[in-house]
Structures are given as C-alpha cells and as structure tokens.
Amino acid sequence: TGYVVLKDSIAVVLLNSNFKSLGKADRSIQQAWYGSTLAALDTMPEVRTILVCCHHSPYSDSKVVGSNADVQNDFVQPFLRATKTSLFISGHAHIFQHFKLSGKHFFVIGGGGGLHHPLSRKKVELENVDPDYTPLFHYLSLALCGDHLHLQSLKLREDMSAFEVGREYYLGLPKGR
C-alpha cells in the first residue's frame, strides 16, 4: 500500500488513495508506514527533498470529483509536518492545478486523457495559483538543479504535433535537518 524510491537525493513516496478498496487494517498499516517513512527520510542526509504522490487529489476545483477529504486527513497533514517534503502530486481530476499551502506545492496533473473537467465556482479550501493555465493533455518533467527542483509542465500543442513546455516552476529545496 506504500512504496518509496530514492533517486538522485529525491525521495518519491507513492501512496494508495483508493480508500474504498482498502480495508480498515490496510489503511491503518499504510498510515503507520507513511508516518515512519517520512520520519526516516527526514533524518537521512542523502535525501534533499521528498515528493509524495497518490491518485486522488487533496485539493481540486473539479466540479466532477472535487477535493478528497480522506487524502487531506491521511496524507496532507503528515506531508505538512515533515521537514523535507516539498511537492505533492496527484491526479484524478482531469485538469491541471497548482496550489500552495505552508510553503509547499500541490499539483493536480490529470492531463492523461478523458474529458476535461469543468471547474466549480464554489469557494474551495485553497486558491489555484495558476488558474489561466488549462492544458488538455499534459505531463510533468522534474529535474534536480542545484538548490531547487526544476519542474516543467509539458502540454500538447494546438496542432497535436508534439509536446511543448507550457509552464516552468523553480521550487526551492527545503532546508531539512
């Protein structure tokens, strides 16, 4: 129910947010593993930053799926408490969104296919900091560059001939322990 990969001083933690298919015991086991994994990664000098990924988005303005309260409760709170976490990536909503909370970044990258989700006009927990960027098909590219993560959103060109850089972000690395 949880998996971690360490690549070039970046730890990527993958979590199962399909709570309806997880039993209570599996959910509890994953939660304990997640907490202990973040705590261990925070103390490892070879880890410069931690990324957390799951399918369902903790925050989204999607009118179809919206924000996921279970992900907020189980995954976001430990993510915010950890010292080296910097980036939370999710999907489920078929849109691109970027949120910030407590200096940490949350990206919804649901641009792999399916109908583009309409946005809700209701007040949401967090404000999308890049509301004018609405690519249909997109994906992320991430590279460690000195003291920051260079994140690119690549989007399909209008003529569908290739992907091109739609947005670039330079995310500072956490100070860590």
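Residues numbered from 1 in each chain as written. Predicted model: local features only at pLDDT ≥ 70, side-chain atom pairs only at ≥ 80, totals over all residues. Heavy atoms only, no water.

Q: Hey, could you go over the nonpolar core for me, with residue numbers and the actual values?
A: Tyr34, Ile50, Val52, Phe75 and Phe88 are the most contacted members of the largest nonpolar core, which totals 25 residues. Secondary-structure elements contributing two or more residues to this core are strand 2 (10-15), helix 1 (24-43), strand 3 (49-53), helix 2 (69-81) and strand 6 (104-109). It is helix 2 that contributes the most residues to this core, 4 residues altogether. Excluding residues within four positions of it along the chain, Ile50 makes contact with Ala11, Val13, Leu38, Leu41, Asp42, Lys84, Thr85, Ser86 and Leu87. (Core = buried A, V, L, I, M, F, W, Y, C linked by side-chain atoms within 4.5 Å. Buried < 20%, exposed > 50% of the residue type's maximum accessible area, 1.4 Å probe, protein only. Helix = DSSP H or I, 4+ residues; strand = E, 2+ residues; numbered from the N terminus. Contact = heavy atoms within 4.5 Å.)

Q: How would you summarise a nonpolar patch on the surface if you had to cite specific residues and measurements?
A: A surface patch of nonpolar side chains, amounting to about 260 Å² of accessible area, comprises Tyr3, Val5 and Leu14. Inspection of the secondary structure assignment puts Leu14 in strand 2. Taking the relative accessible area as the measure of exposure, Leu14 reaches 35% and is therefore partly exposed. (Patch = residues over 30% accessible without salt bridge, like charges linked within 9 Å, V, L, I, M, F, W, Y side chains within 5 Å. Areas by Shrake-Rupley, 256 points an atom, 1.4 Å probe, with all protein chains shown as cover. Salt bridge = Lys/Arg side-chain N within 4 Å of Asp/Glu carboxyl O.)

Q: Tell me about unusual backbone geometry, and name the residues and values.
A: In the Ramachandran plot, Ser9 falls in the positive-phi region, its phi being about 70 degrees despite a non-glycine side chain. With phi around 60 degrees, Met160 is a residue other than glycine that occupies positive phi space.

Q: Give a description of the packing of aromatic side chains that names residues and reports values.
A: Per the stated rule, a full pass over the model turns up 11 aromatic pairs. Ring centres 5.0 Å apart and planes at 70 degrees place the aromatic pair Phe107 and Tyr169 in the edge-to-face group. Of this pair, Phe107 sits in strand 6 while Tyr169 sits in strand 9 (residues 163-172), and the two are 62 residues apart along the sequence. A relative accessible area of 0% places Phe107 in the buried class. The exposure class of Tyr169 is buried, given its relative accessible area of 10%. A cation sits over an aromatic face here: Arg27 above Phe19, 4.1 Å from the ring centre. Here the guanidinium or amino end of Lys104 rests over the ring plane of Phe79, the centre of that ring lying 5.3 Å away. (Phe/Tyr/Trp six-rings, centres within 6.5 Å; stacked < 30°, edge-to-face > 60°. Lys NZ or Arg CZ within 6 Å of the ring centre and 35° of its normal.)

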